[in-house]
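Per-entry structural report
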Amino acid sequence: MKPSLLIGNEQHREISDLLAKEGHLVISGAGNETAKAMLMSHLLHFSMYPTLVVAQDPEAVDVLRHWLQFFDQDATAFTDIHLDSSGDETVTVEALQQFLHFMQGEKKVFLTSTKLYQMQFPVYEDLLQKALTLTVGKSVPFTQFIESLLDRGYEHTVEKELTVGQYRKIGDTLEIYPIQASCPYRVDFSFDVVEHIVSMDDAAKQEKQLHLMPLSYDTTASIADQLTDEQLLIIDDQDDVPD
């Protein structure tokens, strides 16, 4: 359903233009998540950006995501934090994947809780520098390549379904799910030369290159410290607005 607001398209276009200039929007006061989602959807109708919505907690994130989708927005939520073996709070692989989609400029709405927004994520520019690249027609020393994959946090699996950050080798074929991708890929080799790179979700979708960003990282920063002028930040609570 496309939202329709009574105070007029021209006024909302002016607000949308202001968002393009300022780069952030604060929504506060009303507790009606439906109205908030309708307003956001209407404004984004004029100009769509990679948009990050910060809500108070996972429950608020889920409600806003539901209503944004109801109003025809492509909206997805960052998977919330989990506890590692030491009991420390860490960012999930799924949240890292969504973070990379957002940082790569995917024009949709991403939602996250305040707590996750304030956590440390890998520095995106560092991940770009450490990414591996497979190129059709180029030779890759396979043993060394696999060692590099493992160093970057990828895991070997024998399971039928690949999940994010996993790979397997079947004969001269590598199947891998890059952390920044939306689907796994099949890479065919002839000895050490890359012959084909194909999406496993769509065999007709062939690529000339495949970038493999790392899952492991050393340097971190908050999402707020990594936002660019090409992204839109929407904060759902006045108390969460940075000074």
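Note that the structure is predicted; figures quoted are calculated from it, not measured.

Looking at helix 2 (residues 33-46)
Here helix 2 spans 21 Å end to end across 14 residues, near enough to the 20 Å set by a 1.5 Å rise per residue. By the N-cap criterion, in which a side-chain oxygen at the helix start approaches the backbone nitrogen of a residue two or three places on, helix 2 is capped by N32, the distance to T34 being 2.9 Å.

Overview of the confidence of the model for the protein chain
Of the residues in the protein chain, 81% reach a pLDDT of 70 or more, and the chain-wide mean stands at 85. Counted against residues more than four places away or in other chains, residues 4-8, with its pLDDT under 50, gives 6 contacts.

Some points on the nonpolar core
Counting 46 residues, the largest nonpolar core has L52, F99, L134, F145, L149, L174 and L212 as the members making the most contacts within it. When residues of this core are assigned to their parent elements, the largest contribution, 6 residues, is made by helix 4 (residues 93-103). Apart from the residues lying within four places of it in its own chain, the contact partners of L52 are F78, F102, F110, T112, Y117, I223, L232, L233 and I234. Judged by nonpolar contacts, the second largest core, of 16 residues, contains M40, L64, L232 and I234.

Considering the sheet that holds strand 11 (residues 173-176)
Taken in spatial order, the 5 strands of this open sheet run 9-10-11-12-13, and their pairing is mixed. Every interior strand has two partners, whereas the edge strands, strand 9 (155-156) and strand 13 (193-199), have only one. In the packing of helix 7 (residues 142-151) onto the sheet, contacts are made with strand 10 (166-170), strand 11 and strand 12 (185-190), and the angle to strand 10 comes to roughly 160°.

Rules of the game
The residue count restarts for each chain, going from 1 along the sequence in the order it is written. Totals for whole chains, interfaces and linings use all residues, but because this is a predicted model, local features are given only for residues with pLDDT of at least 70 and pairs of side-chain atoms are given and counted only at 80 or more. Each side-chain value is worked out from all heavy atoms of the structure, with water and hydrogens disregarded. The numbering of helices and of strands both runs from the N terminus, where a helix is a DSSP run of H or I of at least 4 residues and a strand a run of E of at least 2. How far a helix is expected to stretch is found by multiplying one less than its residue total by 1.5 Å. Polar contacts here mean pairs of N or O atoms no more than 3.5 Å apart (in protein, one a potential hydrogen donor and the other a potential acceptor; neighbouring residues in sequence count only if both atoms are side-chain atoms). Note: pLDDT gives the predictor's confidence per residue, expressed from 0 to 100. It only takes one pair of heavy atoms within 4.5 Å for two residues to be counted as in contact. In this description, a nonpolar core means a group of buried Ala, Val, Leu, Ile, Met, Phe, Trp, Tyr and Cys residues linked to one another through side-chain atoms lying within 4.5 Å. A 1.4 Å probe rolled over the protein chains alone gives each residue an accessible area, and that area as a share of the maximum for its type sets the label: buried under 20%, exposed over 50%, partly exposed in between. Pairing between strands is defined by DSSP: at least two bridges between them are needed. Inter-axis angles, ranging from 0 to 180 degrees, are taken between N-to-C directions of lines fitted to C-alpha atoms, where helices are fitted over the stretch in contact.

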